[in-house]
Structure formats: structure tokens, C-alpha cells
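# Breakdown of the fold
Letter by letter, the chains look like this.
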Amino acid sequence: MSYWRDKVVLVTGGSNGLGKIIAETFGERGAKVAFVGLEQGDVETTEKEFRDRGFDALGLVANVTKEEDAARIVEETVAKYGKLDALVNAAGRTHRGFLMQTPVQEVQDLFSLNVLGTFSCTKAAYPRLVESKGHVVNIGSLAAKSAARWVGAYPMTKHAVAAFSQQLRLEAKPDGVHVLLVCPGPVKRKTERLYPLKNAEGIPESALKPGGGVKVGKIDPKDLARDILKACEKRKSELVAPKKARLLFAIQQLCPSLGDWIVLKET
């Protein structure tokens with residue numbers, strides 16, 4: 001029997017993209033899946049798709065940057081299913097441009113979604129996860145461990161997610177709550193997403209694409225989702241994809257100037 005059979009999972013950013021694939025994979029393993037999206041239409045479409053496939057699914061519309069919405073989605077999930085076994089913080093967005101050309105308000109908006117949204121949802125869900133000895137999954141990025149060119153304020157926010165995950169691991173261990181930080185490279189999409197550049201003269205066309213111009217292969221989202229479920233079952237602390245990126249992270253800790261040289265060379 002699947003580890004996830006009849007467990008209750010809440011996935012933010014679950015109406016499209018990687019979050020949707022993660023929610024789908026939980027559903028395939030027999031979990032009851034509550035997922036969150038910002039747009040009513042996307043949520044309704046995904047909920048119907050999941051239910052047509054036989055999943056026990058609950059679509060929720062919310063803005064996770066709002067503390068009251070974060071509390072509400074947890075309450076509605078528990079009201080329907082009676083418990084919560086895992087929270088996946090997949091809501092987030094990336095950024096393109098030069099950091100010193102980025103308006104403060106744009107940095108605040110990015111930080112609000114990528115960091116404070118993750119924190120608010122986790123804080124709201126935490127008491128329920130203590131009850132179930134459950135899981136918190138934070139979707140970071142390779143940029144959570146190493147900055148890159150052309151991606152502006154994005155690494156600032158993802159480094160914060162990595163720090164939050166470590167701090168939470170230390171505090172959650174006595175409560176029996178498992179915390180997993182996922183650091184993936186660019187993920188394949190059916191339709192390639194292009195990112196607009198604002199006030200960013202001198203940035204190449206490659207920066208518009210996933211990965212921001214970094215020379216790294218795209219990850220199959222289904223493979224990544226399966227790896228996330230396995231990492232939870234084994235209660236691992238981190239999942240990095242591709243694995244070879246760990247070498248760069250180690251180099252940057254030991255010799256930052258060499259790490260920077262490698263990043264510049266591979267971007």
C-alpha cells in the first residue's frame with residue numbers, strides 16, 4: 001500500500017505548473033489533495049480534471065501573501081478532511097533583470113510571495129502537522145544555494161526560503177515534523193514560459209527563458225514530483241536537482257571567488 005494512501009496534502013500554487021504536477025502525483029498515490037490557486041478559473045479547471053481522474057480533490061482560491069487567506073485554506077482543508085499530513089509550499093515566481101535596477105516595491109512583492117507566503121502558510125498549518133507528525137515541503141531553487149546573473153532579486157528570496165527551511169528543521173525536529181527543501185533547476189513546461197525584462201538593457205535573450213541563461217538541462221516535472229514524494233517518505237532534509245549542482249554549492253562555501261567564476265562562466 002502507498003505511504004500516501006488517505007493522507008491529506010495541501011499544495012499551494014497547485015492549479016498550474018510544477019505545483020499542479022506535484023498535487024497530481026500525490027493524487028495518483030491515493031492522497032486526498034487540497035490545492036490552492038490565485039485564479040478561480042484555473043482552480044475550477046484543475047479540480048474538475050483531478051476529479052475526472054478519480055482523485056479526492058479540493059480546489060481553493062486564495063492569495064497566500066495574505067495571512068488571513070493562509071489561515072483559511074488550512075481551516076477549509078481540515079474542515080473537509082479532518083486532518084493535514086503534508087503542506088507543499090509551491091506558490092512563487094521568478095524575476096529577471098539587474099538587482100540595482102529593480103524598484104524596491106518589486107523586491108517587496110517578490111519577497112511577499114516567495115518568502116512571506118511560504119512562512120504564513122507553514123505557520124497556519126504547523127499545529128496540524130504536529131498532530132500528524134507530518135511534512136513541510138518548501139520549493140526553493142538552485143538559486144536558493146547559488147545566485148546567478150540576470151535573475152535580479154530572485155536569489156535573495158530563495159536564499160531566504162533556504163534559511164527558513166533550516167531554521168524550521170531545527171525547531172520542528174522535537175515536534176516530529178519533517179521539513180524538506182527542494183532546490184530544482186529549470187523545469188520543463190508544455191509551453192515554454194518567457195519572462196519579461198524591465199529596465200534591463202544589456203541582458204541577453206537567453207535570460208528570458210527558464211534558468212535565466214544558466215547552462216543546465218531542464219528537469220522533467222513528473223520525475224521531480226516523484227522524487228519529492230520519495231524524499232518525504234525517507235524524511236530527507238534536502239533534494240537538489242540536478243545532483244551535480246551540489247558540487248558548485250560546496251565550492252562556493254569553500255571558495256566564493258571560484259564559485260562566482262564558475263557561475264559567470266556557465267551563464
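Description of the structure in this document. (Residues numbered from 1 in each chain as written. Predicted model: local features only at pLDDT ≥ 70, side-chain atom pairs only at ≥ 80, totals over all residues. Heavy atoms only, no water.)

## Things to note about the pattern of salt bridges
We count it as follows: Any Lys or Arg side-chain nitrogen located within 4 Å of an Asp or Glu carboxyl oxygen qualifies as a salt bridge. To qualify as a helix, a DSSP run of H or I must reach at least 4 residues; to qualify as a strand, a run of E must reach at least 2; elements of each kind are numbered from the N terminus. Note on classification: 1.4 Å probe, protein chains only; a residue is buried when its accessible area is under 20% of the maximum for its type, exposed when over 50%, partly exposed between these limits.
Tallying each qualifying case throughout the model produces 14 salt bridges. Here E24 ties to R53 by a salt bridge, and the two come within 2.9 Å at their closest N and O atoms. Here the residue E24 occupies a position in helix α1 (residues 17-28), and R53 occupies one in the loop between α2 (40-52) and β3 (57-61), the gap between them amounting to 29 residues. Residue classification places E24 among the buried positions, given a relative accessible area of 11%. With relative accessibility at 41%, the residue R53 sits in the partly exposed group. The residue K222 makes a salt bridge to E28 at a minimum N-O spacing of 2.9 Å. Here K222, found in helix α6 (residues 221-233), pairs with E28, found in helix α1; they are 194 residues apart in sequence, far enough to count as distant. K222 gets classed as buried once you look at its relative accessible area, which sits at 15%.

## Examining a positive patch on the surface
Put simply, the test is: Nonpolar side chains (Val, Leu, Ile, Met, Phe, Trp, Tyr) are joined into patches within 5 Å and like charges within 9 Å, using only residues with over 30% relative accessible area and no salt bridge. All accessible-area figures derive from a Shrake-Rupley calculation using a 1.4 Å probe, and residue coverage is judged against the displayed protein chains alone. For the purpose of counting charges, residues Lys and Arg are taken to be positive, whereas Asp and Glu are taken to be negative. His and the chain ends are not included. Just so you know, the charge point we use is NZ for Lys, CZ for Arg, CG for Asp and CD for Glu.
Residues K230, K234, K236, K243 and R246 make up a contiguous surface patch of positive charge. Relative to the elements of secondary structure, K236 occurs in the loop between α6 and β7 (238-241).

## Here we look at the side chain of S120
Going by this rule: Whether two residues are in contact is decided by their heavy atoms: any pair within 4.5 Å suffices.
Along the chain, S120 turns up in helix α4 (residues 104-132). When near neighbours in sequence (up to four residues on either side) are disregarded, S120 contacts V64 and A70.

## Some thoughts on the environment of T267
Structurally, the position occupied by T267 is in the segment after α8 (256-265). T267 gets classed as buried once you look at its relative accessible area, which sits at 16%. Put simply, T267 and V214 are 53 residues apart on the chain and 4.3 Å apart in space, counted from C-alpha to C-alpha.

## A short note on the nonpolar core
Where we set the bar: Residues belong to a common nonpolar core when they are buried Ala, Val, Leu, Ile, Met, Phe, Trp, Tyr or Cys residues joined through side-chain atoms within 4.5 Å.
Core analysis: the largest hydrophobic core is formed by 30 residues, its most contacted members being F26, L224 and I228. Looking at this core, the element that brings in the most residues is α6, giving 6 residues. Setting aside residues no more than four positions away along its own chain, F26 makes contact with W4, V9, A31, V33, V88 and L229. Ranked by size, the runner-up nonpolar core spans 27 residues in total, among them V8, L60, I73 and V74.

## As for the sheet that holds strand β4 (residues 86-89)
Through backbone hydrogen bonds, the strands of a sheet pair up, either in parallel or in antiparallel fashion. Stated precisely, the cut-off is as follows: Two strands qualify as a pair provided that DSSP identifies no fewer than 2 bridges between them. To define axes, lines are fitted to C-alpha atoms, for helices over the stretch in contact only, and angles between the resulting N-to-C directions are given on a 0 to 180 degree scale.
Pairing is parallel in the open sheet, where 7 strands are placed in the order β3-β2-β1-β4-β5-β6-β7. In this open sheet, the two edge strands, each paired with only one partner strand, are β3 and β7. Averaged over all neighbouring strand pairs, the angle between strand axes comes to 15°, with direction disregarded. The pairing of strand β5 (residues 135-139) with strand β6 (residues 178-184) spans 5 bridges and is parallel. Its bridge partner being in β6, N138 is matched across the sheet by L181. Packed onto the sheet, α2 meets β2 (32-37) and β3 and runs at close to 180° relative to β3.

## Points about the packing of helix α7 (residues 245-254) against α8
Condition: With respect to orientation, any angle under 35 degrees is reported as roughly parallel, any angle over 145 as roughly antiparallel, any angle of 65 to 115 as roughly perpendicular, and every other angle as oblique.
Remark: α7 packs on α8, axes separated minimally by 5 Å, with the N-to-C direction vectors making an angle of 140°. With respect to their mutual orientation, α7 and α8 come out oblique. Contact residues: α7 offers L248, I251, Q252, Q253 and L254, while α8 offers P256, L258, G259, D260, I262 and V263.

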